[in-house]
Amino acid sequence: MRVTARRVLRCGVGLMMGTATAAVELLFALLAGVALLPVAAWPAGRRAVLRPILAGARILAELERGRLRMWLDLRVTPAYEDVRVLRYIACHWTLGVLGGVVMLTAAVGLAYGTFGVYGWLLLDGIRNPGSLVLGSLGGLFLVFLAVQGIFGVAGLEGKLARHFLGPRHQAELERRIAELSASRAAVVDAVNDERRRIERDLHDGVQQRLVALGMLLGRARRSQDADRRDRLLGKAHDESRRALDELREVAWRIYPTTLDEAGLRAALETVAERASVPVGVVYELTEEPEQAVATVAYFVVCEAVTNAVKHAAPTRISVAVRVEEERMYVSVQDDGCGGANAAGSGLFGLARRVAALDGSLSVVSPPGGPTLVAAELPCG
């Protein structure tokens, strides 16, 4: 309910701003028509007049793209042509007027809907209670219709912007194919990097432990001294425990079983417990995300926390996971020394994992800190 009310408010503000920009666009279209009319049959003059007109149209189009992105949550790829920009400016003013009418209707409905609160003071409400009730009900119904109109006009705004300002269908398909090809190659590279990391961990860690264990057992077998044999067996027992711990650590880094058994929240809390510095986890999800999304979110947190502990010497790390409008936002912030390299193997691998799900990863780490690693993932 709160999210819906916030979305209605944002869309309403966006439509009011669209009404203001529509007035500017209508004036611009009229002036452009008046300027082009005398030179319509003169190619050189038409080109000279079109240059400033197209420059102004591009400025207005960028303002519209910013308004749609900020208030209506509509992202339009800047792949438009100059002629299509002019067509958009010429057509958009009608939607701006429509949005203004809808917002005026919402204001009138809200005034009538709340009339029962202050109508007793302005009118003789005691003698006409039925009129106050009917007026309030009519106003609330008008507000309901206006809310539906807000969403309808916002949808039309998106369709109009994508039609004129977005890429053409063929170009959009080619762009999407290129993105899928790049993400597939990134996934293959990420898998190969992960395989090499696992092989390195097994070779440098577990394998060395097992070799040491074998040597200790061999020395114990050859020893004739019972006390020395007991000491060697004790060392072998300790070495076997350390090898088992390292093997569990490698298995945990490959994929945590807690993620399947107890969900993302429990897996993140386990990461916080295993860290050597205090890690606070703020988890605002009400439902468990899809397995692929949960896995990527887990690895983002795990890798960011590991990098911070290893390189930044922080005193505290904060992890936040939330969902807003069918997007999951994961952030990891530490108060360490900063200077994290987003092109490093760990963070670069994370970026490829996130991109494989059509998400985005950003790293802000100025020298001296703090460092913020944020991922945006689709979860709808």
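Each chain has its residues counted from 1, running along the sequence as written. Where totals are concerned, whole chains, interfaces and linings use all residues; where local detail is concerned, this predicted model gives features only for residues with pLDDT of at least 70, and gives and counts side-chain atom pairs only at 80 or more. Hydrogen atoms and water are omitted, and side-chain values are computed over all heavy atoms in the structure.

1. Notes on the packing of aromatic side chains
Part 1: What counts as a ring pair is set by centres within 6.5 Å for rings of Phe, Tyr and Trp (its six-membered ring), and what kind of pair is set by the plane angle: stacked under 30 degrees, edge-to-face over 60, tilted for all other angles. For the structure shown, the criterion picks out two aromatic pairs.
Part 2: Aromatic pair Tyr298 and Phe299: ring centres 5.2 Å apart, planes at 70°, arrangement edge-to-face.
Part 3: In this structure Phe299 comes out as buried when scored by relative accessible area, which is 9%.
Part 4: When the ring centre of Tyr329 is taken as reference, the NZ or CZ atom of Arg322 above it lies at 4.5 Å. Per-residue accessibility, obtained with a 1.4 Å probe over protein chains only, is compared with the maximum for each type, and a residue is labelled buried under 20%, exposed over 50%, and partly exposed between these values. The rule for a charge over a ring is simple: NZ of Lys or CZ of Arg within 6 Å of the ring centre, and within 35 degrees of the ring normal.

2. Section: the sheet that holds strand 3 (residues 327-334)
Part 1: Spatial ordering of the open sheet is given by 1-2-3-5-4, a layout of five strands whose pairing is mixed. Of all the strands in the sheet, the pair left with one neighbour each is strand 1 (279-283) and strand 4 (360-364). When the angles between neighbouring strand axes are averaged without regard to direction, this sheet yields 10°.
Part 2: Here five bridges tie strand 4 to strand 5 (residues 371-378), and the two strands are oriented antiparallel to one another. Counterpart to Ser360 in the pairing with strand 5 is Glu376. Only when DSSP finds a minimum of two bridges between them are two strands counted as paired. Only runs of H or I of at least four residues qualify as helices and only runs of E of at least two qualify as strands under DSSP, and these elements are numbered from the N terminus. In this description, a line fitted to the C-alpha atoms serves as the axis of each element, helices being fitted only across the stretch in contact, and the angle between N-to-C directions of two axes falls anywhere from 0 to 180 degrees.

3. Some thoughts on the nonpolar core
Part 1: The set of buried Ala, Val, Leu, Ile, Met, Phe, Trp, Tyr and Cys residues whose side-chain atoms join them within 4.5 Å is what this entry labels a nonpolar core. The biggest cluster of nonpolar side chains holds 35 residues, and the ones touching the most others in it are Leu264, Tyr298, Val305, Val321, Met328 and Val330.
Part 2: For this core, the element with the most residues is helix 10 (residues 291-312), which contributes 12 residues.
Part 3: The contact rule is simple, with two residues in contact once any of their heavy atoms fall within 4.5 Å. Apart from the residues within four sequence positions on either side, Val330 is in contact with Ala297, Val300, Val301, Ala320, Val321, Val373, Ala374 and Ala375.

4. A few points about the pattern of salt bridges
Part 1: A pair is scored as a salt bridge if a Lys or Arg side-chain nitrogen falls within 4 Å of a carboxyl oxygen belonging to Asp or Glu. Applying the stated criterion to the full structure yields seven salt bridges.
Part 2: Between Glu269 and Arg265 there is a salt bridge whose closest N-O contact spans 3.5 Å. With Glu269 and Arg265 both in helix 9 (residues 264-274), this residue pair falls four residues apart, about one helical turn.
Part 3: In this structure, Glu324 engages Arg322 in a salt bridge whose closest nitrogen and oxygen atoms are separated by 2.8 Å.
Part 4: Residue classification places Glu324 among the partly exposed residues on the basis of a relative accessible area of 27%.
Part 5: Residue classification places Arg322 among the partly exposed residues on the basis of a relative accessible area of 34%.
Part 6: One network of salt bridges, with partners in common, ties together Glu64, Arg67 and Glu157.

5. Overview of unusual backbone geometry
Glycine aside, a negative phi is what most residues show, and trans is what most peptide bonds show.
Part 1: One non-glycine residue with positive phi stands out, namely Ala313, at about 50°.
Part 2: The backbone phi angle of Asp358 is positive, close to 65°, even though this residue is not glycine.
Part 3: Of note, Asp358 is situated in the loop between helix 11 (345-355) and strand 4.
Part 4: Of the residues examined, Asp358 reaches a relative accessible area of 41% and is grouped as partly exposed.

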